[in-house]
Each structure stands twice: as C-alpha cells, then as structure tokens.
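Secondary and tertiary structure notes
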Amino acid sequence: MSARLGATVAAIGAQPVTHIHAPPGPQVDGGLAPSTIDRAAAAGANVIVAGSAVFGAADPGAVIKALRDSVEAAAASGKAPA
C-alpha cells in the first residue's frame, strides 16, 4: 500500500485539503466516489474520506482530482452552505 500511497501523493502534488477551505469543515467518510461526491459537496462537505474509491481505482490521482474539483466547484458556486 505504501507504494500506491506514494504514487498517489506524487500524482496530486501533495496539496493539503485546507487550501480549499480554512478551517476544515464538515467531513464525510464512506460511500464517496466521483459518482456521489457532488451531493456531499453541495451539502457543504469539504473534508472527504474516500479510501476505497481512491485506492481501488486504476488511476488514484484522477479520482482524487475529480473529488477535489467537485468540492472546489461547490464552494466557488456558493452551492455549499457557509
């Protein structure tokens, strides 16, 4: 697992989630994937825990980017509660 984690961190540039929102807000853990993230992000979640979706993917970096992009888009659009 550490090799995949290292590859994933390298693929995403090791940017902390807190660059999106400070301080970190609501956390959602479990059941999150590119197909479900928009709903959680629109509800205000900005701390996302998505282990299976990331580590079970052929391209973990792409999954992380999709999750992050969704959270950033919800925050930028004002859809996410303050």
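In what follows, the structure referred to is the one given above.
The following refers to the structure shown. (Residues numbered from 1 in each chain as written. Predicted model: local features only at pLDDT ≥ 70, side-chain atom pairs only at ≥ 80, totals over all residues. Heavy atoms only, no water.)

Here we look at the overall build of the chain
Rule in force here: Put simply, DSSP H or I for four residues or longer makes a helix, DSSP E for two residues or longer makes a strand, and each gets a number counted from the N terminus. Each residue is placed in one exposure class: buried if its accessible area under a 1.4 Å probe, protein chains only, is under 20% of its type's maximum, exposed if it is over 50%, and partly exposed if it falls in between. Here a residue-residue contact requires only that any non-hydrogen atoms of the pair lie within 4.5 Å.
If you tally the helices and strands in the chain, you get 4 helices and 2 strands. Element order for the chain, N to C, with α for helix and β for strand: α-β-α-β-α-α. For the chain, with 82 residues in total, the buried portion stands at 28%. For the chain, contacts bridging at least 24 residues in sequence account for 55% of all contacts bridging at least 6.

Points about the nonpolar core
Under the convention used in this document: Take the buried residues of types Ala, Val, Leu, Ile, Met, Phe, Trp, Tyr and Cys, join any two whose side-chain atoms come within 4.5 Å, and each joined set is a nonpolar core.
Grouped together as the largest cluster of nonpolar side chains are 14 residues, with contacts concentrated most on Leu32, Ile37, Ala50, Val54, Val63 and Leu67. Contributions of two or more residues to this core are made by α2 (37-42), α3 (51-55) and α4 (60-77). It is α4 that contributes the most residues to this core, 5 residues altogether.

A word on the environment of Val63
Relative to the helices and strands, Val63 resides in helix α4. For the pair Val63 and Ala33, spaced 30 residues apart in sequence, the C-alpha separation works out to 7.6 Å.

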